[in-house]
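Survey of secondary and tertiary structure
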Amino acid sequence: MICNKYSNLTLAIKKIGQQKKNVCLQTYVLFAIIELGRKYGKFYLGVMKMLSDETMEKLTVLADAAKYDVSCSSSGVGRKNSGGIGNSQSFGICHSWAADGRCISLLKILMTNVCAYDCAYCVNRVSNDVKRASFTPEEIAELTIEFYRRNYIEGLFLSSAVEINPNATMERIVKALKILRNQHHFGGYIHVKAIPGADPLLIKEAGYLADRMSVNIELATEESLKLLAPQKSIKKLYLPMQEIKEGISHAKEEQGIYRHAPSFVPAGQSTQMIIGATRDTDQSILFQSEKLYNHFNLKRVYYSAYMPVNEGKLLPSLQTEPPLLREHRLYQADWLLRFYHFSAEELLSIQQPNLDMDVDPKMMWALRHLDQFPIEINKASYKELLRIPGIGVNSARRIMAQRKVQFITYDALKKMGIVLKRARFFLTCQGKYYGDSVISETHIRQQLVPAEAHHQVSLFELGAIS
Amino acid sequence: MILLYDDSFYGLLTCIFDHYYVAPVKEIYSKERFKGSIIDTYRFVETDEEKAKRVEKAIREKFSNDGYMALYRTFLSNDDHKDCYILDYLIHGFKLGKKIDYLYSEPCVIHIRKLSKKVGFESHRFLGLLRFEQRGPYLYAQFQPDHDILSLIADHFTDRLKEEQMIIHDTRRNKAILAHKGKWLIQDIPENQSAHMLENLPISDEEKMFQELWKGYFKHIAIEGRYNPKLQQNFVPKKYRKNLVEFK
């Protein structure tokens, strides 16, 4: 019988490989696939695992509780399968997009949403009357593996409320990671929260198992924290960050000496700040980000527009719209810090503490520094090119590359795929300026900002009205 | 002279070889897509692996491995004139050498870049958007990509799910990757047989349970206050939704 000959796909593949041109054999293999399927199908139908009906309820409750964490990246680690299941791609992979348009790449979930803390802004605070649920480490591991096999996800993002105390919570998280990494030899991406206040040894243990760790600052200043999360303090939040940073640099040193030394949080650490829950200005937020990048070598700071989930005297009212545009502008400014050689000081000051909502932050900066423009495309350095609004890292690199072999004309810029809508006001090509008339702020604004400029009402203005 | 080839990449490279060593060629087409010509004479070229490998080596040396891959991706695209673009690019490229990749505004470079980017983007997208179901002992995935990307995504999934017996089925082109233990091959699956195959590989209750769990998770992970279906559609166009559990 054919199916005996090809007891699994490996043999079939080998056979076809050897006799590539034998079409007859290929159709046999198809039937072999079906026969095999029948034989094993029954066996597979019989296996029910530990997940039960209540899993659905737990899953949805704990997904609801985890969704306000915005981090979704699965990039930064390239790893081959090491004999179990899963690998990791350094460029990161998105697997789906939810109804809010945010990408889903990891199974983002809380271990439990039973919390001892009472942070005013948080949906899981102890004083809230919400459904509570907990997963066991085994359940988390099984869900992850089964979702991963079906290519729903790229890995796991495990966080947790602080149920009893930080140590007990961290221990459970570590246990789930151990099951995944050591029992299933799971090679996919794992992002895990470091619970502030947990024993440094536990954080270290998690760091050797995870790809990314994060501690959420949530609020940019000490005063805001005191107001909304009195059980937390900036200093206590910095502590695990410092531990992770030291762990990373220690592991890197070790790897320099021993090739097979284990890696520690290879995709780096990140954090998150809520935008618009307090009166913090863009300046204090961006300065905090810059500080975090410089002091703790953070890979990313995420910004999350505040969604009013709780009522409270200290909080914006429940009717407040989330400041999505402000969040967007902060992300743009954040990019300027990380990839465009800008400093926070250049963008914001005490006199101008907030970003311009009408134009992007680079445009805002350029309009304040018109004396530095226009820039000649054929002569400017890479850093200068990056300062032109509308020209990004890719465009600047292309310009640099083509300049090595050929002068760049205005027409060529268009063909290279460089967007000139904003850039044309700030550059010259072979000495010629293409921005209609003289450079002036009012002229450029008129051209770029639609007549009915978007105005986002601040939370506190609204508060004053009601 | 117009050359026709058998729709394999090596066939195309054999034509390139003939352009230099037999007689200059005006255009190249795959046998199946060629619609005939009144003005020009045409000839079918038998694929010759040795000749093709010499061209491959020349491309890798004259340009780079990346350059070779860009041409391969272009070859996989569904564009009707891809073969001519590749010929055009190589004629320029063998004259100019590595320099050609800096000429971002040159038409022949633009075509190759555009097509290879399109194909690369789609294959990247499907690394995330492919969905497997447990059918009997197999993990089975079905999709209908615009471009012929099976060979680009095979290594990724074979490594990722090494222990699984896997079938990734391109139902638009009626072929599939069969993979197990790190080995894979691409096999034609005629349409009538594929229906027969699927009928005999039923979906288990367990599989249904995980699909339901995933749907539930998918629904709840979205923040209601940020509801934005337009943005969602930018990322997941409707044509991809057919095979996605969470959109069914």
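Thresholds, definitions, all that
- Residues numbered from 1 in each chain as written.
- Chains lettered and ligands numbered in written order.
- Predicted model: local features only at pLDDT ≥ 70, side-chain atom pairs only at ≥ 80, totals over all residues.
- Helix = DSSP H or I, 4+ residues; strand = E, 2+ residues; numbered from the N terminus.
- Buried ≥ 20, exposed ≤ 12 C-beta atoms within 10 Å, placed from the backbone.
- Contact = placed C-beta atoms within 7 Å.
- Pairing = 2+ DSSP bridges.
- Axes fitted to C-alpha atoms, helices over the stretch in contact; angles between N-to-C directions.
- Domains from an automatic or database assignment.
- Parallel < 35°, antiparallel > 145°, perpendicular 65-115°, else oblique.
- Left-handed = near helix turned anticlockwise from the far one by under 90°.
- Nonpolar A, V, L, I, M, F, W, Y, C, P; charged D, E, K, R; others polar.
- Arc of directions from axis to C-beta.
- Expected span 1.5 Å × (residues − 1).
- Core = buried A, V, L, I, M, F, W, Y, C linked by C-beta atoms within 7 Å.
- pLDDT = per-residue confidence, 0-100.

Take the overall build of chain B next. Looking only at helices and strands, chain B has ten helices and eight strands in total. In terms of principal-axis extent, the alpha carbons of chain B reach across some 60 × 45 × 35 Å. Across the 248 residues in chain B, those meeting the buried criterion constitute 38%. Within chain B, contacts between residues at least 6 apart in sequence are counted, and of these 64% link residues at least 24 apart.

Next up on the list: the overall build of chain A. Of regular secondary structure, chain A possesses 19 helices and eleven strands. Here chain A holds 466 residues, and the buried ones make up 43% of them. For chain A, long-range pairs separated by at least 24 residues make up 71% of all intrachain contacts whose partners lie at least 6 apart in sequence.

This paragraph deals with the sheet that holds strand S8 (residues 300-305) of chain A. Residue and element names in this part refer to chain A. If you walk across this open sheet you meet the six strands as S3-S4-S5-S6-S7-S8, and the pairing is parallel. Two strands close off the open sheet at either side, each with one partner strand: strand S3 (106-110) and S8. Between one strand axis and the next, the sheet turns by 20 degrees as a mean value, whatever way the strands run. As paired elements, strand S7 (residues 269-275) and S8 share six bridges and run parallel to each other. The residue of S8 that forms the bridge with Thr271 is Val301. In the packing of helix H4 (residues 54-66) onto the sheet, the strands contacted are S3 and strand S4 (155-159), and the crossing angle to S3 comes to about 95 degrees. This element, helix H11 (residues 324-339), spans S7 and S8 of the sheet and lies at about 170 degrees to S8.

So, about the domain arrangement of chain B. The domains assigned to chain B are domain 1 (2-120), domain 2 (130-203) and domain 3 (204-248). Distance from the C-alpha centre of domain 1 of chain B to the C-alpha centre of domain 3 of chain B: 40 Å.

Residue and element names in this part refer to chain A. If you trace the backbone, Ser289 turns up in helix H10 (residues 282-296). As a C-alpha pair, Ser289 and Leu228 span 61 residues in sequence and 20 Å in three-dimensional space. Beyond its immediate chain neighbours, meaning those up to four positions away, Ser289 contacts Val301, Asp334 and Leu337.

Residues and elements named next belong to chain B. Two numbers describe how helix H1 (residues 9-21) lies on helix H4 (residues 82-96): the axes approach to 11 Å, and their chain directions differ by 45 degrees. On the basis of the axis angle, H1 is oblique to H4. Here H1 and H4 pass one another in a crossing that is right-handed. Each of Leu12, Ile16 and His19 in H1 lies in contact with H4, whose residues at this interface are Asp83, Ile86, Leu87 and Leu90.

A few words now on the sheet that holds strand S9 (residues 375-376) of chain A. Residues and elements named next belong to chain A. Strand order in the open sheet made by the three strands is S9-S10-S11, with mixed pairing throughout. This sheet does not close on itself; its edge strands, each paired only once, are S9 and strand S11 (432-433). Two strands pair when backbone bridges link them, and strand S10 (residues 427-429) and S11 are joined in this way by two bridges, in the antiparallel orientation. Its bridge partner being in S11, Cys429 is matched across the sheet by Lys432.

In this section: the packing of helix H3 (residues 65-76) of chain B against H4 of chain B. For any two helices packed against each other, the geometry comes down to the angle between their axes and how far apart the axes lie. Residues and elements named next belong to chain B. Contact geometry of H3 with H4 gives a least axis separation of 9 Å together with a crossing angle of 160 degrees. Accordingly, the angle class assigned to the pair H3 and H4 is roughly antiparallel. Note that H3 runs across H4; the crossing there is left-handed. When H3 is examined against H4, the residues Leu71, Thr74 and Phe75 are found in contact with a partner set consisting of Lys82, Tyr85 and Ile86. Of the residues belonging to the contact of H3 with H4, the class tally is four nonpolar, one polar and one charged.

Here we come to the pairing of strand S6 (residues 165-170) of chain B. Residue and element names in this part refer to chain B. In terms of burial, S6 is a largely internal element, five of the six residues being buried. Of the pairings in the sheet, the one linking strand S5 (residues 138-143) to S6 comprises six bridges and is parallel in character. In the sheet register, Tyr140 faces S6, and the bridge partner there is Ile167. Direction of pairing for S6 relative to strand S7 (residues 175-180): antiparallel, over a ladder of five bridges. When the bridges of S7 are listed, Asp170 appears paired with Lys175. Counting the residues between successive antiparallel strands, the hairpin from S6 to S7 contains four residues, one of them, Asn174, with a positive phi of roughly 55 degrees.

Residues and elements named next belong to chain A. Of the positions making up helix H15 (residues 393-405), those classed as buried are Ser395, Ala396, Arg398, Ile399 and Gln402. Mapping the buried residues of H15 onto a view down its axis gives an arc of 160 degrees, with all of them on the same face. Facing away from the buried side of H15 by more than 90 degrees, the exposed set consists of Asn394 and Lys404. Buried residues along H15 sit in contact with helix H14 (382-386).

As a further point, take helix H9 (residues 234-257) of chain A. Residues and elements named next belong to chain A. A rise of 1.5 Å per residue sets the reference length of H9, with its 24 residues, at 34 Å; its end C-alpha atoms lie 35 Å apart and thus fit the reference within 8%. Among the residues of H9, those classed as buried are Leu237, Pro240, Met241, Ile244, Gly247 and Ile248. Elements in contact with the buried residues of H9: helix H7 (200-209), strand S6 (212-214), S7 and H10.

Moving on, we get to unusual backbone geometry. Residues and elements named next belong to chain A. A cis amide bond, omega -5 degrees, links Phe373 with the succeeding residue Pro374. The backbone of Asn297 sits at a positive phi, close to 50 degrees, despite the residue not being glycine. Mapping Asn297 onto the fold places it in the loop between H10 and S8. Given 14 C-beta atoms within 10 Å, Asn297 falls into the partly exposed group.

On to the interface of chain B and chain A. The partner chain A presents 61 residues to the 64 residues of chain B that form the contact. Ranked by residues supplied to the side of chain B that touches chain A, first place goes to helix H8 (residues 205-220) of chain B with ten residues.

Looking now at the nonpolar core. In terms of nonpolar packing, the biggest core is built from 176 residues, with Leu62, Leu158, Ile173, Leu177, Ala206 and Met273 of chain A together with Ile168 of chain B touching the most fellow members. Top element by residues in this core is helix H5 (residues 107-129) of chain B. It accounts for seven residues.

Residue and element names in this part refer to chain B. As defined by bridge partners, strand S4 (residues 132-135) adjoins S5 across four bridges and the pair is classed as antiparallel. Pairing of Glu133 across the sheet is with Tyr140, part of S5. Connecting the antiparallel pair S4 and S5 is a turn made up of two residues, with Gly136 showing a positive phi of about 55 degrees.

Residue and element names in this part refer to chain A. Here chain A averages 87 in pLDDT, and 85% of its residues register 70 or above. Here residues 1-6 scores under 50 on pLDDT; set against residues more than four positions off or in separate chains, the count is 13 contacts. Overall, residues 42-48 carries pLDDT values under 50, and its contacts beyond four positions in sequence, including any with other chains, amount to eight contacts.

On to the environment of Thr60 of chain A. Mapped onto the elements of the fold, Thr60 of chain A is located in helix H4. Considering only alpha carbons, one finds Thr60 of chain A and Pro196 of chain A, 136 residues apart in sequence, at a separation of 26 Å. The contacts of Thr60 of chain A, once residues within four sequence positions are left out, are Gly216 and His220 of chain B.

Residues and elements named next belong to chain A. Relative to the assigned elements, Phe426 resides in the loop between helix H17 (420-423) and S10. Here the alpha-carbon distance between Phe426 and Ala66, two residues 360 residues apart in the chain, equals 44 Å. When sequence neighbours within four positions are dropped, the list of residues in contact with Phe426 reads Ala366, Phe373, Pro374, Ile375, Ile388 and Pro389.

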